[in-house]
Amino acid sequence: MTDLPLPEADLGDATVLITGGAGFIGGHLAAALLPENEVRVLDDYSTGETSNVPDGAAVFCADVRNEDALERAMAGVDVVFHLAAVVSVETSVENPVEVHRVNVDGTLAVLERARDENARVVVASSAAVYGEPTGLPVNEDADTDPLSPYGADKLAADTYARVYADVYDLPVAVLRFFNVYGPGQRGPYSGVVDAFLQRAFADEPLVVHGDGEQTRDFVHVTDVVRALLTAASTEHTGLAFNVGTGSSVSINELADVIRDATGATAGVDHERARPGDIRHSRADCTRMRELLGVQPTVSLREGVEHLVSYRLDRAANATGRDEAISDSIAE
Ligand code: NAD
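Note that this is a predicted model, so its numbers are computed, not measured. (Residues numbered from 1 in each chain as written. Predicted model: local features only at pLDDT ≥ 70, side-chain atom pairs only at ≥ 80, totals over all residues. Heavy atoms only, no water.)

### Here's the deal with the pairing of strand β6 (residues 172–177)
Worth spelling out the cut-off: Classification of residues uses two cut-offs on accessible area relative to the type maximum, computed with a 1.4 Å probe and protein chains only: under 20% is buried, over 50% is exposed, and between them is partly exposed. Per the convention used, a helix needs a DSSP run of H or I reaching at least four residues, while a strand needs a run of E reaching at least two, with both numbered from the N terminus. Any two strands between which DSSP finds at least two bridges are classified as paired. With the strands aimed away from the viewer, a crossover counts as right-handed if its path from the first strand over the helix to the second runs clockwise.
Summarising burial for β6: six of the six residues are buried, a large majority. Residues Val172, Val174 and Arg176 point to one face of β6 and Ala173, Leu175 and Phe177 to the other, with burial holding for every one of them. Note that strand β5 (residues 120–126) and β6 share six bridges and pair parallel. Residue serine 125 lies in a different strand from β6, and its bridge partner there is arginine 176. Each parallel crossover has a hand, and for β5 linked through helix α5 (residues 149–168) to β6 it is right-handed. Across five bridges, β6 lies against strand β11 (residues 239–243) in parallel orientation. Following the sheet pairing, alanine 173 is matched in β11 by leucine 239.

In structure tokens, the structure reads:
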């Protein structure tokens, strides 16, 4: 696989559960933890895929709110990475109550079980908790003012996790991811990097919502995995940490980076701005750097170039396989 090397895990022989481990970020995390650690994955495969789960992980195919399954998956675990969530803002707008049940009640279920197991918990939160920041870069003490039910869910989960650290002395760390991208991200809600790449490879115009001058902090999944692994052993518990790069680019600049990396010549189609989209976003990564010792290593250009090579390799392998199949049929 043409991919950036994943960071090495240093969690001793800890037994680890990843909720949402069949998803984009969870799959990369599981791969970084294996084979040194016993890795369990609990996922209902609502957006996750079996191909994201590396060989060697024990899979519990269940809803995170299923108490029996959670009890079995968490029996004897040392660390839980809680990534399972409905991640689509659109779905949260259409169906806020059901999404709340997964994103907030699911988090409470994990925190409660972690108390019983005396397990560490790392909770995936989001830059969506800030809404439109009043100042940039945004740090963890900035006002939170989510613009969607998804953002409100993430803020509730983020807050519960920190409250469990205070009230029950549970060793919890909360990571607020900015815009994560990398190999294995796909689907209708996968984000703008994947959407642009799909269009660029098809030589179709890249679809930009609004004027494209809105900015985002894109962080590569290997840097996110590094932050997750470090958060699992930090002494600085009970805190939220931004996980971004500290740099941002406009969506128009991202389109240029994707066109350069793919050689696509198609232009850009501007569509109506999406309601609820924030204008600017950029993480202040001081806390992540100073308390976790994590410094993002992958620039957007490098990350996109690796992603393009990864996709080309996969396409070539698929073509080779198809040719082999048709050769064998012809014989
Ligand atoms: P993803 O959709 O690829 O992964 C989420 C996983 O959770 C999927 O495998 C899905 O099947 C599973 N899941 C959903 N509902 C479930 C349920 N009820 N029970 C069990 N499993 C369930 O998304 P991702 O990008 O890997 O996101 C992982 C986490 O990071 C999420 O909590 C998300 O909110 C957070 N996050 C991601 C980003 C990003 O840019 N990708 C940004 C901010 C926060």
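### Looking at a nonpolar patch on the surface
Cut-off, in case you're wondering: Nonpolar side chains (Val, Leu, Ile, Met, Phe, Trp, Tyr) within 5 Å and like charges within 9 Å form the patches, drawn only from residues with over 30% relative accessible area and no salt bridge. Using the Shrake-Rupley algorithm and a 1.4 Å probe, accessible areas are obtained, with residue cover drawn only from the displayed protein chains. Note on definitions: salt bridges are taken to be side-chain nitrogens of Lys or Arg within 4 Å of carboxyl oxygens of Asp or Glu.
Residues Val163, Val167 and Tyr168 make up a contiguous nonpolar surface patch of roughly 260 Å² in combined accessible area. Following the sequence through the fold, tyrosine 168 ends up in helix α5. Relative accessible area serves as the criterion here: at 38%, tyrosine 168 is assigned to the partly exposed category.

### Description of the packing of aromatic side chains
Our working rule: Any Phe, Tyr or Trp ring, taking Trp's six-membered ring, that has another such ring centre within 6.5 Å forms a pair; planes under 30 degrees apart are called stacked, those over 60 apart edge-to-face, and the others tilted. We call a charge positioned above a ring when the Lys NZ or Arg CZ atom is no farther than 6 Å from the ring centre and deviates by at most 35 degrees from the ring normal.
According to the stated counting rule, one finds three aromatic pairs in the structure shown. A ring pair is formed by tyrosine 130 and phenylalanine 178, whose centres lie 6.4 Å apart and whose planes are at 35 degrees; its orientation type is tilted. A residue pair is termed long-range when its members are at least 10 positions apart, and tyrosine 130 in the loop between β5 and α5 and phenylalanine 178 in the loop between β6 and β7 (179–181) qualify at 48 residues. Given a relative accessible area of 6%, phenylalanine 178 falls into the buried group. Residues tyrosine 181 and phenylalanine 218 carry aromatic rings whose centres are separated by 6.5 Å and whose planes lie at 80 degrees to one another, so their mutual orientation is edge-to-face. Taken together, the residues tyrosine 181 in strand β7 and phenylalanine 218 in strand β10 (residues 218–220) connect sequence positions 37 residues apart. With a relative accessible area of 6%, phenylalanine 218 lands in the buried category. The ring of tyrosine 168 has arginine 115 sitting right over it, with the charged end atom 3.7 Å from the ring centre.

### Quick notes on the packing of helix α2 (residues 67–74) against helix α4 (residues 96–117)
This is how the line gets drawn: To obtain each axis, a line is fitted to C-alpha atoms, and for helices this fit is confined to the stretch in contact; angles are then taken between N-to-C directions over 0 to 180 degrees. Throughout, the term roughly parallel applies to angles under 35 degrees, roughly antiparallel to angles over 145, roughly perpendicular to angles from 65 to 115, and oblique to all others. Each helix crossing is assigned a hand: it is left-handed if the near helix lies turned anticlockwise from the far helix by less than a right angle, otherwise right-handed if that turn is clockwise. Throughout, a contact is declared for two residues whenever any of their heavy atoms are within 4.5 Å. Ten residue types, Ala, Val, Leu, Ile, Met, Phe, Trp, Tyr, Cys and Pro, are classed as nonpolar, four, Asp, Glu, Lys and Arg, as charged, and the remainder, Gly among them, as polar.
Between α2 and α4, the least distance of the axes is 10 Å, while the angle of their chain directions is 45 degrees. It follows that α2 is oblique to α4 by the angle criterion. Of the two elements, α2 crosses α4, and the hand of that crossing is right-handed. Taking contact as the criterion, the partners of Leu70, Glu71 and Met74 in α2 are, on α4, Ala109, Val110, Arg113, Ala114 and Glu117. Residue composition of the contact of α2 with α4, grouped by class: five nonpolar, no polar and three charged.

### Section: the site of the ligand
Under the convention used in this document: When we say a residue is near a molecule or strand, we mean one of its heavy atoms is within 4 Å of it. Definition of a polar contact: a pair of N or O atoms within 3.5 Å, with one able to donate and the other able to accept a hydrogen when the atoms are protein atoms, and with sequence-neighbouring residues admitted only if both atoms are side-chain atoms.
For the ligand, the set of nearby residues contains 28 residues, the closest of which are Phe24, Asp43, Thr47, Tyr150 and Lys154. For the ligand, an oxygen atom lies 3.1 Å from a polar atom in the backbone of glycine 23. In this structure, an oxygen atom belonging to the ligand sits 2.6 Å away from a side-chain N or O atom of aspartate 43. Burial of the ligand by the protein amounts to 92% of the accessible area it has alone, namely 820 Å². Contributions of two or more residues to the shell around the ligand are made by α1 (24–33), β5, α5 and β7. In terms of residue count, the dominant contributor to the shell around the ligand is β5 (three residues). Of the residues that constitute the shell around the ligand, the class distribution is 16 nonpolar, eight polar and four charged.

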